[in-house]
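Chain by chain, the residues run as shown.
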Amino acid sequence: MRLGSSLAARAFTLVEMLIAMAIGVAIIAATLTTSVALQKSFYSVDNYFGTHIQQIRIVDYLARDVRRGLSVVSSADKHTVTVNLPRYIIQAGDADATGSNIGTPRAPSLAVVNRDYNINYLPTSASSSSVVVYSISGSSILRTEDNVVTMIASSTDSLLPETVDVELANTEYTTTAITFQPLSVADRNGTVVYSTAYLRNRRRAIPTPSPSATP
Amino acid sequence: MQTRKTSQESGNVLICALIAILIVSLIGANVLSNSTTRLNVSSNHVRAWKEALEAAEGGGEMAFAELRKQTSTDAAVRASQWSGWTTSGTTHTSPQTTFGASNLIAQTAVETLYFDASGVFHAGANPDPAQNNWYRLRSKGTAPLPNLKRTGMDDALVQDGQTHFAAFGSTQMKDIVARSKGDSLLRKIDFQYDHFVSTYGPNGDGVNKTLVAPVAAPSISRRIEQIVTPVTPFFDAAIKANGIFYGLGSAAYIDSYDSRNGPYDPTVKTNPSSPYYKDSRHGSVEINSGTATIKGTIYGDVATNGGTVINSQYVTGTVDNNVPFTLEDYHMPDTSGWSYQAPGSGAGKLPSSVTSSSQTLTPPAAGTSAAPNYYVISTLSGKLTVNQVAGEETYVAIRVNSSNVNGDGIIGGITVNPGVHLRIYFDYNISTKNSDLANNNPTSTNPLASNLQFYGISPPRDANGNPVRTQTINLNSGNPGTLAATFYAPSAAVNENGNPDFIGTVVCKTFYANGNIAWHYDRALNSKGELLDFRIASYVEDTR
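Here the structure is a predicted model, which is why all the values come from computation and not from measurement.

1. So, the packing of aromatic side chains
Residue and element names in this part refer to chain B.
Working step 1: In this structure the tally under the stated criterion is 25 aromatic pairs over all chains.
Working step 2: Ring centres of phenylalanine 502 and tryptophan 519 lie 4.1 Å apart, and the angle between their planes is 25°; this geometry places the pair in the stacked category. Of this pair, phenylalanine 502 sits in strand E31 (residues 501–513) while tryptophan 519 sits in strand E32 (residues 518–522), and the two are 17 residues apart along the sequence. An identical accessibility class is assigned to phenylalanine 502 and tryptophan 519; each is buried.
Working step 3: Joined through ring pairs, the aromatic side chains of Phe234, Tyr330, Trp338, Tyr340, Tyr374, Tyr425, Tyr455 and Tyr488 make up one cluster.
Working step 4: One cation-aromatic arrangement involves arginine 187 over tryptophan 49; the distance from NZ or CZ to the ring centre is 5.7 Å.
Working step 5: Sitting over the ring of tyrosine 200, arginine 544 keeps its end group 4.3 Å from the ring centre.

2. Side note on the interface of chain A and chain B
Working step 1: The interface is formed by 50 residues belonging to chain A together with 66 residues belonging to chain B.
Working step 2: Interface area for chain A against chain B, summed over the two sides, is near 4,900 Å², with a carbon-plus-sulfur share of 58%.
Working step 3: Close ionic contact of aspartate 60 of chain A with arginine 187 of chain B constitutes a salt bridge, the shortest N to O distance being 2.6 Å.
Working step 4: In this structure, the connection of chain A to chain B is made through 9 residue pairs in polar contact (both at pLDDT 80 or more).

3. Quick notes on the pairing of strand E21 (residues 383–386) of chain B
All names here are of chain B.
Working step 1: Here E21 shows one buried face, formed by Leu384 and Val386, and one open face, formed by Lys383 and Thr385.
Working step 2: Looking at chain direction, strand E19 (residues 359–361) and E21 are connected through 3 bridges and run parallel. By the bridge assignment, leucine 361 is partnered in E21 with valine 386.
Working step 3: Both E21 and strand E24 (residues 413–416) contribute to a ladder of 4 bridges, which runs parallel. Within E24, the residue paired with threonine 385 across the bridge is threonine 415.

4. Digging into the sheet that holds E21 of chain B
Residues and elements named next belong to chain B.
Working step 1: One open sheet holds the 4 strands; their spatial order is E19-E21-E24-E27, and the pairing between them is parallel. The open sheet terminates on both sides in strands that have one partner only, identified here as E19 and strand E27 (437–439). Between one strand axis and the next, the sheet turns by 10° as a mean value, whatever way the strands run.

5. A closer look at the side chain of serine 219 of chain B
Residue and element names in this part refer to chain B.
Working step 1: Along the polypeptide, serine 219 turns up in strand E8 (residues 219–231).
Working step 2: From its side chain, serine 219 meets the backbone oxygen of alanine 216 in a polar contact 2.5 Å long.
Working step 3: Beyond its immediate chain neighbours, meaning those up to four positions away, serine 219 contacts Thr142, Ala143, Pro144, Leu145, Lys188, Ile189, Asp190 and Pro214.

6. What to know about the sheet that holds strand E5 (residues 130–137) of chain A
Residues and elements named next belong to chain A.
Working step 1: Pairing is antiparallel in the open sheet, where 5 strands are placed in the order E1-E2-E5-E6-E7. Across the chains shown, the open sheet's two edge strands, defined by having one partner strand only, are strand E1 (71–74) and strand E7 (148–154). Ignoring which end each strand starts from, the neighbouring axes of this sheet average 20° apart.
Working step 2: Pairing geometry for E1 and strand E2 (residues 81–85), over 4 bridges, is antiparallel. What sits directly across from valine 73, in E2, is threonine 82.

7. Thoughts on the environment of alanine 205 of chain A
Working step 1: With respect to the helices and strands, the residue alanine 205 of chain A is situated in the segment after strand E10 (193–198).
Working step 2: Residues alanine 205 of chain A and leucine 70 of chain A, 135 residues apart in the sequence, show an inter-C-alpha distance of 8.4 Å.

8. Some words on the confidence of the model for chain A
Residues and elements named next belong to chain A.
Working step 1: Per-chain confidence: chain A averages 79 in pLDDT, with 82% of residues scoring 70 or above.
Working step 2: Looking at the elements of chain A, mean pLDDT is at its lowest for strand E8 (residues 158–166), recorded as 61, and at its highest for E2, recorded as 90.
Working step 3: pLDDT under 50 marks residues 208–215. Its contacts with residues more than four places away, or in other chains, come to 11 contacts.

9. Let's talk about the confidence of the model for chain B
Working step 1: Model confidence for chain B is summarised by a mean pLDDT of 87, while 90% of its residues fall at 70 or above.
Working step 2: Contacts for the low-pLDDT stretch residues 157–180 of chain B, under 50 throughout, to residues beyond four places or in other chains number 54 contacts.

10. Quick notes on the pattern of salt bridges
Between side chains of opposite charge, a pair can form as their charged atoms come close.
All names here are of chain A.
Working step 1: Summed over the entire model, instances satisfying the criterion amount to 27 salt bridges over all chains.
Working step 2: Between aspartate 65 and arginine 143 there is a salt bridge, with its nearest N and O atoms 2.9 Å apart. Here aspartate 65, found in helix H1 (residues 14–67), pairs with arginine 143, found in strand E6 (residues 140–145); they are 78 residues apart in sequence, far enough to count as distant.
Working step 3: For arginine 106, the salt bridge identified is with aspartate 96, shortest N-O distance 2.7 Å. Here the residue arginine 106 occupies a position in the loop between E2 and strand E3 (109–113), and aspartate 96 occupies one in the loop between E2 and E3, the gap between them amounting to 10 residues.
Working step 4: Classification of arginine 106 as buried rests on a relative accessible area of 3%.
Working step 5: Taken together, the salt bridges that share partners define one network made up of Arg64, Asp65, Arg68, Arg143 and Glu145.

Reading the values: the criteria
Every residue gets a number counted from 1 within its own chain, in the order that chain's sequence is written. For this description, chains carry letters from A and ligands carry numbers from 1, given in the order in which they are written. With pLDDT at 70 or above as the cut-off, local features in this predicted model cover only qualifying residues; side-chain atom pairs require 80 or more to be listed or tallied, and sums for whole chains, interfaces and linings still use all residues. To obtain the side-chain values, all non-hydrogen atoms of the structure were used and water was disregarded. Ring pairs are drawn from Phe, Tyr and Trp, using the six-membered ring of Trp, whenever the two centres fall within 6.5 Å, and their geometry is named by plane angle: stacked under 30 degrees, edge-to-face over 60, tilted for the rest. Runs of E in the DSSP output that reach at least two residues are strands. Runs of H or I that reach at least four are helices, and both are numbered from the N terminus. Burial status follows relative accessibility: with a 1.4 Å probe on protein chains alone, a residue under 20% of its type maximum counts as buried, one over 50% as exposed, and anything between as partly exposed. Only Lys NZ and Arg CZ are tested; either one counts as a charge over a ring when it is within 6 Å of the ring centre and within 35 degrees of the ring normal. What makes two residues a contact is simply this: any of their non-hydrogen atoms within 4.5 Å. Defined in terms of a 1.4 Å probe, buried area is the accessible area two parts forfeit on being brought together, summed over both. Put simply, a salt bridge is a Lys or Arg side-chain nitrogen that is within 4 Å of an Asp or Glu carboxyl oxygen. Polar contact is the term for a pair of N or O atoms within 3.5 Å; when the atoms are in protein, one must be able to donate a hydrogen and the other to accept it, and sequence-neighboring residues count only if both atoms are side-chain atoms. Any two strands are treated as partners once DSSP identifies two or more bridges connecting them. For every element, the axis is a line fit to its C-alpha atoms; helices are fit only across the contacting stretch, and the angle between N-to-C directions ranges from 0 to 180 degrees. Think of pLDDT as the predictor's per-residue confidence, scored from 0 to 100.

Next comes the structure, spelled out in structure tokens:
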């Protein structure tokens, strides 16, 4: 059988149109909902791992500075960590900077303090060591080295370092725990990252006055 | 039924399908890109960055082990020091060592150095052969990264419009913000070139900057610098005792000076304006967990390891009762490299037992601090005078390995003439007068304690770990004079019964003195004496 075509038969009926539109809307709605859900899921996962990587970056920064530090102390609220470092690199403006030696390693000097050798990397014998302060500013973690501020992480809303002074071994270490609150999840349990770093140098007395916690 | 197809409908499905595939592909590519970056950071960069430090520290450990071969009692071990390393002057460079499952690479340079009396750094060996050298270990550790050279980093904070990797020596260089943010600021990956060599030079001093490929690409390298100090027997204490300390006399005192700054001056210790005032306040006493009964004034500190200090008001410095203390038995060092002189008579010889009241010795050769003329005698009951060889600095070591019926090995006298550096090793006791130990090097009025050194070899221990005999050093009263010497006898009970001017230091098991002695510790002894071991005194990482 062959159907003839006529202009009158080419259009859909109203019912057909309504059904088709309903089906189309349903499909589009489902697609949109799925897309939004997928987008949210992807964003949440991306945010989770992005923040997790920043956690690792924070503890790596802290561990690096503590290892090469001369002393380390945390504030009473455990949200600020101060590390004293050797001034290993000659910087512009240092007393021993000559122009040509800026950016080069400094030769060490020797002092005997409390029946122990102190190897110092200082512009002059009266200079103080470099001071690095880790602090929280809003949702960011700041690292301030000799008043130069670097934001090393953001969206990590809780830095919880803990410093323990161990006299017995004449050393010192920091135990750091950092958590964050994932998107769409009220509980921050399960996001904690722990790190313990020991001073490689023999601990020295904390210089006074202590540097300010915030830049 | 058959419907008629029109050509206008035939392309829509294909286009729609292609667009759908494109959209899905973009989503997939985006997910893959993010996932790859995160995976690289979490599983590769972090691991490699940590392992690079382990490699650098491993290189430092290998160098430290190489250094410690110096203290081995096995001549073969000492002879193997720096085997396979490249030596240039006083610097030794290791070969590149690959180890571990991650194929970590380590290389270390060991530079000889010393500090002068002012604590100023000098490269090279100490010109004073009596001083032990220091060393600087510069170690580089490299961890190769898997994947291609374009392996990504997570620089989520990098969109700041700032210049990354500021020019060498520029002001911006001080601002580390200018050297990127995020992970690339912390974990610097070498892709095509070694960024450290190209920016700072191979030694980090700005010399010989050049574009060189990294040892592995891509990879992460970290560099550390460690300063190694010799562990010496007389470091920064006038008297060290493993047990009790009692003394000195009520009118006695212990102070210090630095012979590298000139002769001893008794006025410095009470003259804060003197440039050497701080050198006068190191007449310190260290004990373990026993009791230190202070008599007289101590111009220095008193340290105990949980011990007790009586009369701490006589201490001008600090009293610290929480200082770790370790004093191991002392054993005769390996003498195979020394110039042994068999017993005999005549020039350059010593009899098997020195009994003559006028025994003189002029060795056949000057020798060196590391290879002195070496004599072994049973007892020394006579008077021995050691002379230098033809105006040269002369090094002599004598072992007294037996005793008389009273257990005394040395009851006679010893005179060290100018130019002579004498080390006495004794297995049994010393019982002699202060005035019978004369140190005239460089002069009788300004002798250096390091030129007459006594080492008490610890008695063997039985199966229960107890010494098979006691060891004592009795320095008896004689005509008051100057006794300049060092005693390192960790198993000996020392009794100083006279009241001489004493220049030097005593390390012993117990110490007792009751005379009004003027005791001067020479800070030049810090790096002198028998090399016992090495210790890492400083650690710093070059984070550039």
